[in-house]
Amino acid sequence: METTKQPAMTVDPSKPETIPKFVDELPIPETAKPKHRKEDKVYYEITMNETRHQFHKFFPPSTVWGYNGMFPGPTIETETNKPVYVKWMNKLPEKHLFPVDRTLHGTMGNPEVRTVVHLHGAHVASDSDGYPEAWFSRDFARTGPAFKRKIYEYPNRQRGATLWYHDHAIGITRLNVYAGLSGFYLIRDPIEKRLKLPSGKFDVPLMIQDKSFNPDGSLFYPQNSDPPAPVNPSVQPFFIGNTISVNGKLWPRLKVEPRRYRLRILNASNTNSYTLKLGDGREFYQIATDGGLLEKPVKLETVSLEPAERTEILVDFSTFQGKKLILQNTNSEGDMGVIMRFDVTLPLSEKDTSEIPVKMDSGQQLTEDAADKTRLLTLSAITDQYERPVLLLDNRMWDDLVTEKPVRGSTEVWKFINLTAFPHPIHIHLVQFKVLHRRPFDLERFQENGSIIYTGPEIAPDESERGWKDTVRADPGMVTSIIMEFKEYTGDYVWHCHILEHEDYDMMRPMRVVGKKHER
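## Side note on the packing of aromatic side chains
So, step 1. This model, assessed by the stated rule, comprises 24 aromatic pairs.
So, step 2. Residues Phe55 and Phe213 carry aromatic rings whose centres are separated by 5.0 Å and whose planes lie at 70 degrees to one another, so their mutual orientation is edge-to-face. You can see Phe55 sitting in the loop between β2 (41-53) and β3 (62-67) and its partner Phe213 sitting in the loop between β10 (203-211) and β11 (243-246), a full 158 residues away along the chain.
So, step 3. On the accessibility criterion, Phe213 (4% relative accessible area) is buried.
So, step 4. With a centroid separation of 5.6 Å and an interplanar angle of 65 degrees, the aromatic rings of Tyr67 and Trp88 are classed as edge-to-face. Of this pair, Tyr67 sits in strand β3 while Trp88 sits in strand β5 (residues 84-90), placing them 21 residues apart in sequence.
So, step 5. Put simply, the rings of Phe55, Phe59, Phe71 and Phe213 pair up and form one aromatic cluster.
So, step 6. Above the plane of the ring of Trp251 lies Lys21, whose end atom (NZ or CZ) is 4.3 Å from the centre.
So, step 7. Seen from the ring of Tyr178, Lys211 lies directly overhead, with NZ or CZ sitting 4.3 Å from the centre.

Here is the structure:
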């Protein structure tokens, strides 16, 4: 039996250089167990509560918030067209784990701890979408103005895909998710089964999050910005931790067999983006994006993920028996440049009958000329009365009137004009979309008179983002164009930047899908 010796130096959770890597086995999140089944309907009760979690073998347990007392939360597994019902129950304490900025929308006059769950990537009715103002406090004692139901319905009328659920309460999403409120939701469909993809224990979900810790092992999240804002506590413009957790363990290792594995990778970080590389640049095959399978596998050496983006890759470990491959993050160096390690040390338990498919999806195309409407939407920044940056969508704040009103049954092109100096991962609820292209433009001319003068040709989406998406990287100095259909539901949804510090202040806007054209 392999053992790990206590390190020679003292482990200080606040100092990453003292924390040994690859000493914890990668945990696989438990599968949620339904409370009952009736015909094709499955019902879950999932509780949000405070619990203790050990991020590292040499750490004391940390206080976190989890679903059913787990971090990450239990994985909900289902199939296409099989409805799932979930009663999300708040049993959290009334005092937050982290300092709450009471100047943000939704925080003034409301309970300090509020929750509402969003199933990210799901095609659902608006009353089950996790609208930010549909929040509820402990035991539903108080509810937000948009609260409508306790039991959410997920019809799963969509393609097989790696989705995830997480908190979405207005003004404190960044704090609730960082505290631990996130989990996987996997939809499987008949196409996947026919493709002979790796399955069972060879189908591995990986939730990547950055964290920071105090010396006593408790989670650290800054109370104020640097330099500090006049108001305290204050929201941060961004947060990047100094350690990497995967499925709740710091720099873990996974012992694998010499065979193919399917890795479902989620960037669940608040702000941090990752460009992933295996070993010294070993090739792998990407088979899926946020919304499910690609038309055909793509051979890659690196893949990039902004917050909330997912990718699925096939890695063939068969030629690496006895070797150890580090999953790296080439966006960073040192401790933050390392994600986890794969140890190809297990014997082959059974013959590998999985395959790398030639073709996977029908590859439905949406072309820009088929759009019923095109929207030009800016990403910009102002400062508030405390001289803090406020990130905005279309120069509007959360409380401003709804301006995006797609018509059910219509196709729309949205063009994100990024006027800021950094990329923003833009997430649109309800729909999956296709990335059309990015194109550089004259920023000074736009700021002078609002005209878009392109300075270069259209740039096709990256190879890794040509499937169905629900989150897109809007690059600075670029107009990023996407296309989507609003098929089935009407009602209130949102679109926002998925850098959670931006989403909370104030880079989130309501969206209302309407049923009649004159309601636009």
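## Side note on the nonpolar core
So, step 1. Among the nonpolar cores identified, the biggest contains 96 residues, and Trp88 and Phe342 are the most heavily contacted of them.
So, step 2. When sequence neighbours within four positions are dropped, the list of residues in contact with Trp88 reads Ile46, Met48, Tyr67, Ile76, Val117, Phe136, Phe140, Lys150, Tyr152, Tyr154 and Tyr165.

## Overview of the environment of Ile265
So, step 1. Mapped onto the secondary structure, Ile265 falls in strand β14 (residues 260-267).
So, step 2. A relative accessible area of 1% places Ile265 in the buried class.
So, step 3. As for Ile265 and Leu276, which are separated by 11 residues in sequence, their C-alpha atoms are 10.0 Å apart.
So, step 4. Excluding residues that lie within four positions of it along the chain, Ile265 makes contacts with Leu206, Ile208, Leu276, Leu305, Glu309, Arg310, Thr311 and Ile313.

## A look at the pattern of salt bridges
So, step 1. Using the criterion set out here, one finds 43 salt bridges in the structure.
So, step 2. Of the charged contacts in the structure, one is a salt bridge between Arg159 and Asp361, with a shortest N-O distance of 3.0 Å. Remark: Asp361 occurs in the loop between β21 (338-343) and β22 (373-383) and Arg159 occurs in the loop between β7 (151-154) and β8 (161-167); sequence separation between them is 202 residues.
So, step 3. Of the charged contacts in the structure, one is a salt bridge between Arg262 and Glu312, with a shortest N-O distance of 2.6 Å. Separated by 50 residues along the polypeptide, Arg262 in strand β14 and Glu312 in strand β19 (residues 310-316) bring together distant segments of the chain.

## Quick word on the sheet that holds strand β6 (residues 117-120)
So, step 1. Strand order in the open sheet made by the 4 strands is β4-β9-β8-β6, with mixed pairing throughout. Two strands lie at the open edges of the sheet, namely β4 (73-79) and β6, each paired on one side alone. Ignoring which end each strand starts from, the neighbouring axes of this sheet average 20 degrees apart.
So, step 2. As judged from the 6 bridges shared by β8 and strand β9 (residues 182-188), these two strands associate in the antiparallel manner. Following the sheet pairing, His166 is matched in β9 by Ser182.

Thresholds, definitions, all that
Residues numbered from 1 in each chain as written. Predicted model: local features only at pLDDT ≥ 70, side-chain atom pairs only at ≥ 80, totals over all residues. Heavy atoms only, no water. Phe/Tyr/Trp six-rings, centres within 6.5 Å; stacked < 30°, edge-to-face > 60°. Helix = DSSP H or I, 4+ residues; strand = E, 2+ residues; numbered from the N terminus. Buried < 20%, exposed > 50% of the residue type's maximum accessible area, 1.4 Å probe, protein only. Lys NZ or Arg CZ within 6 Å of the ring centre and 35° of its normal. Core = buried A, V, L, I, M, F, W, Y, C linked by side-chain atoms within 4.5 Å. Contact = heavy atoms within 4.5 Å. Salt bridge = Lys/Arg side-chain N within 4 Å of Asp/Glu carboxyl O. Pairing = 2+ DSSP bridges. Axes fitted to C-alpha atoms, helices over the stretch in contact; angles between N-to-C directions.

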